[in-house]
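Commentary on secondary and tertiary structure
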Amino acid sequence: MTSVLIVGSGPTGLTLAIELARRGVNLRIVERSAEPPTGVRGKGLQPRTLEVFDDLGVIDEILATGGEYPLIRAYKGGEIVQEVRLDEIREPSPDVPYPNLIMQPQWRTERILRDRLAELGHEVEFGAELTGFEQDDEGVSATLGTGETVRCSYLVGADGGKSTVRKQLGVGFAGETYESERMLLADVRTRDVDHDYWHAWGGEAEGEGFAVCPLPHTDLFQLVSLSPAVDDLQTLVTKYAPHVHLDEVVWRSEYRVNIRMAERFRVGRVFLAGDAAHVHSPAGGQGLNTGVQDAYNLGWKLAGGSEKLIATYEEERMAVAEQVLGLSTRLYRDRDMKRGDDTNQLGLAYFGCALSVGERGGERLGSHFEQQRGTGWLLIEQDGGVLAVRPDGYIGYDGDEGGLSAYLSGFGIEAPLTRASS
């Protein structure tokens, strides 16, 4: 029997698959689409996500093929009216090894994660749509569009905002869809602007215009517009920047702004993660990154197998999702372009949760990064006690070493616990 069936092969599903695969968990990951996506969609990887990708073994390629965000050059007509950065470039430090937002087209992030998953012996099953499932006390029986029935211990819906898994569970998706607020995305080629800047043209009214952002290590730009969509993108471009000609439109998509959160992240043996659990406005680059963090939280807990441990996923990640949704919504409403400490996700924590014990319980450790790599717990001695650091880099236990055994056994934790060197 399959231990975990993952539905959806975006960054959330792939991160979860890697987390499980490196722990030797028997898994399958299925994807409705017949082939990998080509559009950019999300492109910003936050510092906390980069720490996760370091642990998963993909950081070198992520950094080598991505790039820091360029200066935004704003125009009115043919005149430059402003130059601004989303965030100041920071130097790495011992507690923040990856301090800067990295631009990486989502299709490439997914390809890098798929390659890592393949190294661990697993492949995405494309063209395998989930059509239904039933669960009982012992497991879940899932039916695929291929006609196959998969019996698994747990099922995880990482299948996006229109999640089949969430809908079949009957879990509410509270929030709003802004019918009149639409965003147009397109991957385009043009020879009329350079790749050194993120170029933006505004109109007379707020929200009018478009921008083209150069995508690292490609000849493409991502075009973004909040203006009313048109069938011919060149018409839109010409209205604000007559000198810019689009040589090719490689991909395009239009979507309505959705801000929603599932009322539950778990029903029995079925879990929701990523966009299936929460969808954000595009502001602040939070959606993809929050999904990766969901998977990073859930993976080691499912591998651990203790019901008391697994139960902490919903408690921890629902609180974080609510906090991040509030942030991304505020940034969107205020049209706030600035990024930094609010958006880098380094300050997110699990204070007050069942798995967090002691004054620092639930805090991101922010040190010993090399010794944290891997699948076990890290034990750090300190004056008067110890810190027990979870596999996802958060402090679980802060207290007397004598109470640590009871803490671990209480959650059924048997993972390796390595004592940190000074």
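Notes on the structure follow. Owing to the predicted nature of the structure, the values given are computational and were not obtained by experimental measurement.

1. Some details on the sheet that holds strand S3 (residues 44-45)
Note on sheets: strands pair through backbone hydrogen bonds, and any given pair is parallel or antiparallel. The 3 strands lie next to each other as S3-S7-S4, forming an open sheet whose pairing is antiparallel. In this open sheet, the two strands that pair with only one neighbour each are S3 and strand S4 (67-68). Examined bridge by bridge, S4 and strand S7 (residues 102-103) share 2 bridges and lie antiparallel to one another. Bridge pairing in S7 links Gly67 to Met103.

2. Structural notes on empty space enclosed by the protein
Counted according to the given criterion, the structure contains 3 cavities of 30 Å³ or more. In this structure, the largest cavity occupies an estimated 160 Å³ of space. As for the largest cavity, its lining consists of 17 residues, of which Glu51, Asp55, Tyr296, Phe369 and Gln372 are closest to the centre. When contributions to the lining of the largest cavity are tallied by element, the ones reaching two or more residues are helix H2 (47-56) and helix H10 (369-372). In terms of residue count, the dominant contributor to the lining of the largest cavity is H2 (5 residues). Considering only residue class, the lining of the largest cavity consists of 7 nonpolar, 3 polar and 7 charged.

3. Overview of the nonpolar core
One recurring pattern in soluble globular proteins is that nonpolar side chains are buried together. Phe53, Phe133, Leu155, Val165 and Leu302 are the most contacted members of the largest nonpolar core, which has 63 residues in total. Those residues within four positions of Leu155 in sequence are excluded, and the remaining contacts are Leu5, Val7, Leu130, Phe133, Val140, Ala142, Val165, Arg269, Val270 and Phe271. The next biggest cluster of nonpolar side chains, apart from the first, holds 17 residues, and it includes Ala186, Val237, Val244 and Leu246.

4. Quick word on the pattern of salt bridges
If you walk through the whole model with that rule in mind, you get 24 salt bridges. The partner of Glu19 in a salt bridge is Arg23, and the shortest N-O contact between them spans 3.2 Å. Taking the relative accessible area as the measure of exposure, Glu19 reaches 1% and is therefore buried. The closest approach of N and O atoms between Glu307 and Arg266, which form a salt bridge, is 2.9 Å. Here Arg266 lies in strand S17 (residues 266-267) and Glu307 lies in helix H8 (residues 307-310), a separation of 41 residues in the sequence. With a relative accessible area of 44%, Glu307 lands in the partly exposed category. Because the salt bridges share partners, they merge into one network encompassing Glu19, Arg22, Arg23 and Asp55.

5. Brief notes about the layout of surface pockets
The probe, sized like a water molecule, is rolled over the atoms to show the empty space still left. Of the voids in this model, the second largest pocket is the one considered here, and its volume is about 200 Å³. With 3 residues, the top contributor of residues to the lining of the second largest pocket is helix H7 (residues 287-304). When grouped by side-chain class, the residues that make up the lining of the second largest pocket number 8 nonpolar, 3 polar and 2 charged.

6. Overview of the packing of aromatic side chains
One pass over the structure, following the stated rule, counts 11 aromatic pairs. Where Tyr69 meets Trp198, the ring centres are 5.8 Å apart and the plane angle is 45°; that geometry is what we call tilted. Taken together, the residues span a long stretch of sequence, with Tyr69 in the loop between S4 and strand S5 (71-76) and Trp198 in strand S13 (residues 197-202) at a distance of 129 residues. Considered together, Tyr69 and Trp198 belong to a single accessibility category, that of buried residues. Linked through ring pairs, Trp300, Trp377, Tyr397, Tyr407 and Phe411 together constitute an aromatic cluster. A cation sits over an aromatic face here: Arg73 above Tyr197, 3.8 Å from the ring centre. Of note, Arg269 hangs over the ring of Tyr154, and the distance from its end group to the ring centre comes to 5.2 Å.

7. Topic: the sheet that holds strand S20 (residues 377-382)
Ordered by their spatial adjacency, 4 strands build an open sheet running S22-S21-S20-S23, and the pairing between neighbours is mixed. The outermost strands of the open sheet, each flanked by one partner alone, are strand S22 (395-399) and strand S23 (417-419). Averaged over all neighbouring strand pairs, the angle between strand axes comes to 20°, with direction disregarded. When S20 meets strand S21 (residues 385-389), the two strands line up antiparallel, connected through 5 bridges. Bridging across to S21, Ile380 finds its partner in Leu387.

8. Thoughts on unusual backbone geometry
With phi around 60°, His217 is a residue other than glycine that occupies positive phi space. Summarising the element assignment, His217 is placed in the loop between strand S14 (209-214) and strand S15 (221-225). A positive phi angle, near 55°, is found at His368, a position not held by glycine. Checked against the element boundaries, His368 lands in the loop between helix H9 (312-334) and H10.

Conventions we followed
- Residues numbered from 1 in each chain as written.
- Predicted model: local features only at pLDDT ≥ 70, side-chain atom pairs only at ≥ 80, totals over all residues.
- Heavy atoms only, no water.
- Pairing = 2+ DSSP bridges.
- Helix = DSSP H or I, 4+ residues; strand = E, 2+ residues; numbered from the N terminus.
- 1 Å grid on protein atoms, 1.4 Å probe; cavity = no way out; pocket = protein on both sides within 12 Å on 5 of 7 lines; lining within 4 Å.
- Points joined across faces, edges and corners; volume = space filled by probe spheres on them.
- Nonpolar A, V, L, I, M, F, W, Y, C, P; charged D, E, K, R; others polar.
- Core = buried A, V, L, I, M, F, W, Y, C linked by side-chain atoms within 4.5 Å.
- Buried < 20%, exposed > 50% of the residue type's maximum accessible area, 1.4 Å probe, protein only.
- Contact = heavy atoms within 4.5 Å.
- Salt bridge = Lys/Arg side-chain N within 4 Å of Asp/Glu carboxyl O.
- Phe/Tyr/Trp six-rings, centres within 6.5 Å; stacked < 30°, edge-to-face > 60°.
- Lys NZ or Arg CZ within 6 Å of the ring centre and 35° of its normal.
- Axes fitted to C-alpha atoms, helices over the stretch in contact; angles between N-to-C directions.

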